[in-house]
Amino acid sequence: AAEEIFGELVPVADGSEEASVQLKRLLGDAEGRGERARRAQRYVLGAHTYRDRLTELASTVGFDIGAGAGEETAVLLAGEGTGLGVAIDSLLEQSLAPNEVLVGVPPGPSPEPDLDRLAKRFPGARVRTLSQRGGARIPERVRELARLAASPWVAPMAPTLHYDPHHLRDLVACTRFTDAQAIGFAPATAEGSHRYVEAV
C-alpha cells in the first residue's frame, strides 16, 4: 500500500539486507532526506488528508464540494513601471495556480504582454490590472490590492524576488493544519520548519 500510494517517496525494503542499505543511505544523506521529507509532506497535504477523503465520500453520495474550498488565493503584485518581470516569471513557474492575480501599476508603461502570459498559464484565474497612484509606497499599494481581492487568502509577491516553484502550494497547504490568520515563509536557512511567530 505504501508503494502504491507514495511510490519512491517512502523507502520500502523486502528484507533485512535491503533495509540496512536503505537506512544507511537515508542516515548518510541529511540533505536528500530533508528533500524527500518536503516532497512527501507536499504530497500528503495536497491529496491525502481527512479533508480529501471526506470530499471524496461526499462526492460519491452526490454532494458537490469543491476540493479547494476556503483555500482560494489571490496573488498581489505591486511593481514600479515595467519592473514586474521577475515576479511574473516566478508566478508562471508555480505548481499551484492562483485563483486571482491582481497587478497594481503606477502611471507609466503597462505590463500587458506579461499579463497575457499569466492569463494563458492560469486560464481559470481572474487576472486584473489596477492603476495605482504614483508616489505611493509598496506596502500601501499591496494593502490596496488586498482590499480588492475576492479570495480569502492573499499572497503578496515581491516584484524582484524569485520564488520556489512550490511557494504558493506550500503556503496554501498550511491552511489545512493551522488556524493562523497570516502564513508566511522564511529563507531557506530556516530548514523548512513550521512554527508560530510574532510577526510575518
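Quick note: structure is the one above.
Residues numbered from 1 in each chain as written. Predicted model: local features only at pLDDT ≥ 70, side-chain atom pairs only at ≥ 80, totals over all residues. Heavy atoms only, no water.

### Digging into the pattern of salt bridges
If the charged atoms of two oppositely charged side chains come close together, the side chains can form a pair.
Then comes step 1: Considering all chains together, one arrives at 10 salt bridges under this definition.
Then comes step 2: As a salt-bridge pair, R38 and E35 come within 3.4 Å of each other at their nearest N and O atoms. With a gap of 3 residues between them, R38 and E35 both fall in helix 3 (residues 30-47), about one helical turn apart.
Then comes step 3: Owing to a relative accessible area of 37%, R38 belongs among the partly exposed residues under this scheme.
Then comes step 4: Using a relative accessible area of 34% as the deciding quantity, one classes E35 as partly exposed.
Then comes step 5: A salt bridge links E71 to R176; the nearest nitrogen and oxygen atoms lie 2.7 Å apart. Of the two residues, E71 sits in the loop between helix 4 (50-60) and strand 1 (73-78) while R176 sits in the segment after helix 8 (167-174), which places them 105 residues apart along the sequence.
Then comes step 6: Judged by relative accessible area, R176 falls into the partly exposed class, the value being 22%.
Then comes step 7: Connected via shared salt-bridge partners are E8, E35, R38 and R39. (Salt bridge = Lys/Arg side-chain N within 4 Å of Asp/Glu carboxyl O. Helix = DSSP H or I, 4+ residues; strand = E, 2+ residues; numbered from the N terminus. Buried < 20%, exposed > 50% of the residue type's maximum accessible area, 1.4 Å probe, protein only.)

In short, geometric facts, not functional conclusions.
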